[in-house]
Amino acid sequence: MQTHVVDHPLVAHKLTTLRDERTDSPTFRRLADELVTLLAYEATRDVRVAEVTVQTPLAEATGVRLASPKPLVVPILRAGLGMLDGMTRLLPTAEVGFIGMIRDEGTLQAQTYATRLPDDLSGRQCYVLDPMLATGGTLAAAIRLLLDRGATDVTALCLLAAPEGLKYLEAVFEGTSTPIRVVTAAVDSHLNEQGFIVPGLGDAGDRLYGVV
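Residues numbered from 1 in each chain as written. Predicted model: local features only at pLDDT ≥ 70, side-chain atom pairs only at ≥ 80, totals over all residues. Heavy atoms only, no water.

1. Structural notes on the overall build of the chain
Applicable threshold: To qualify as a helix, a DSSP run of H or I must reach at least 4 residues; to qualify as a strand, a run of E must reach at least 2; elements of each kind are numbered from the N terminus. The atom set for the radius of gyration is the C-alpha atoms, and the globule formula is 2.2 Å times the number of residues raised to the power 0.38. The buried label applies to any residue whose accessible area, calculated with a 1.4 Å probe on protein chains only, is under 20% of its type's maximum; exposed applies above 50%, and partly exposed to all values in between. Throughout, a contact is declared for two residues whenever any of their heavy atoms are within 4.5 Å. Using the Shrake-Rupley algorithm and a 1.4 Å probe, accessible areas are obtained, with residue cover drawn only from the displayed protein chains. When charges are counted, neither His nor the chain ends are considered; positive counts come from Lys and Arg and negative counts from Asp and Glu. Charge positions are represented by NZ for Lys, CZ for Arg, CG for Asp and CD for Glu.
When helices and strands are counted, the chain shows 6 helices and 14 strands. On C-alpha atoms alone, the chain measures out to a radius of gyration of 17 Å, which is about the 17 Å that the 2.2 N^0.38 rule sets for 212 residues. Counting only C-alpha atoms, the chain reaches 60 × 35 × 30 Å along its principal axes. Burial analysis of the chain (212 residues in total) assigns 45% to the buried set. Contacts spanning at least 24 positions in sequence make up 73% of the contacts within the chain whose residues lie at least 6 apart. Accessible area for the chain stands at about 10700 Å²; split by element, carbon and sulfur atoms hold 51% of it. Counting 19 positive and 26 negative side-chain charges, the chain places the centres of these two groups 4 Å from one another.

2. Side note on the pattern of salt bridges
Selection criterion: We count a salt bridge whenever a side-chain nitrogen from Lys or Arg sits within 4 Å of a carboxyl oxygen from Asp or Glu.
Evaluated as defined, the whole model comprises 10 salt bridges. Note that Lys-14 and Glu-34 form a salt bridge whose closest N and O atoms lie 2.7 Å from each other. Placement of the pair is Lys-14 in helix H1 (residues 9–19) and Glu-34 in helix H2 (residues 25–43), with a sequence separation of 20 residues. For Lys-14, a relative accessible area of 13% puts it in the buried group. Of the residues examined, Glu-34 reaches a relative accessible area of 27% and is grouped as partly exposed.

3. Quick look at H1
Quick reminder of the rule: An arc is given here, and it is the one of the directions from the helix axis to the C-beta atoms.
Buried within H1 we find Val-11, Lys-14, Leu-15 and Leu-18. Relative to the axis of H1, the buried residues are bounded by an arc of 100° and lie together on one face. Residues of H1 that are exposed and angled more than 90 degrees away from the buried face: Pro-9 and Thr-16. Looking at the buried side of H1, the elements it contacts are H2, strand E11 (160–161) and helix H6 (204–209).

4. Focus on unusual backbone geometry
The residue after Ser-68, namely Pro-69, is reached through a cis peptide bond having omega 0°. Tracing the sequence through the fold places Pro-69 in the loop between strand E3 (60–66) and strand E4 (72–77).

5. Overview of the confidence of the model for the chain
Definition in use: On a range of 0 to 100, pLDDT expresses the predictor's confidence in each residue.
Per-residue pLDDT for the chain averages 92, and the proportion of residues at 70 or more is 97%. Taken element by element, the predicted model of the chain shows its lowest mean pLDDT in strand E7 (residues 110–116) (83) and its highest in strand E12 (residues 180–184) (97).

6. Section: the packing of helix H4 (residues 137–148) against helix H5 (residues 163–172)
This is how the line gets drawn: Only the stretch in contact is used when a helix axis is fitted, and all axes are lines through C-alpha atoms; the angle between N-to-C directions ranges over 0 to 180 degrees. In what follows, roughly perpendicular refers to angles from 65 to 115 degrees, roughly parallel to angles under 35, roughly antiparallel to angles over 145, and oblique to any angle outside these ranges. By convention, the crossing between two helices is left-handed when the near helix turns anticlockwise from the far helix through less than a right angle, and right-handed when the turn is clockwise.
Direction vectors running N to C along H4 and H5 enclose 30°, while the axes themselves pass 9 Å from each other. Considering the angle they form, H4 stands roughly parallel to H5. As H4 runs across H5, the sense of the crossing is right-handed. Across from Gly-137, Leu-139, Ala-140 and Arg-144 in H4, the residues of H5 making contact are Tyr-168, Leu-169 and Val-172.

7. Considering the packing of H1 against H2
Taken N-terminus to C-terminus, the directions of H1 and H2 make an angle of 155°; their axes are 10 Å apart at the nearest point. What the angle tells us is that H1 and H2 run roughly antiparallel. Seen along the crossing, H1 lies across H2 with a hand that is left-handed. Within the contact between the two elements, H1 uses Leu-10, Val-11, Lys-14, Leu-15, Thr-17 and Leu-18 and H2 uses Phe-28, Leu-31, Ala-32, Glu-34, Leu-35 and Leu-38.

Right under this line is the structure:
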């Protein structure tokens, strides 16, 4: 498994405002959307392309287009929805699937309550959207579900990650031949006793959509 922390002033600037507890939900949603697009730029460096030739007003030119099968973008509900527009802005032709997961606050284990994915993901590159990589349980379960359906390349985009979560993913997928990457804006200090990232930015779902 590979981890890529996007080191860029605009990423750091937007992340700082997301961390600020005074940032309201509309501003949080807008900045999260912008930040995801910046992360997506780095996350798609290895997206598969096919060479094509087009006719310009002056001559033929060789270029590339996204290869088939199309990439699959998979937000983890509900907070991952806040990252979807920022990702599809960069990959408008990608298909979108959904995984609904909830973390048991007692055991901190992820439970799947909904899936909307192709049964066969053979040959597909998948991009998983999960704002907070905390314990790693939710993201690991989502990646495992994609691998079980035949995905051949999985990249997770996270606004923030905790060292504990990254270590958990490395342990779970050690020896896995399928490329797995995590692209994030920052790796924070640690998890607290409740499993929240410190200093973090709070509960991403609540800050995106309010407490419901």
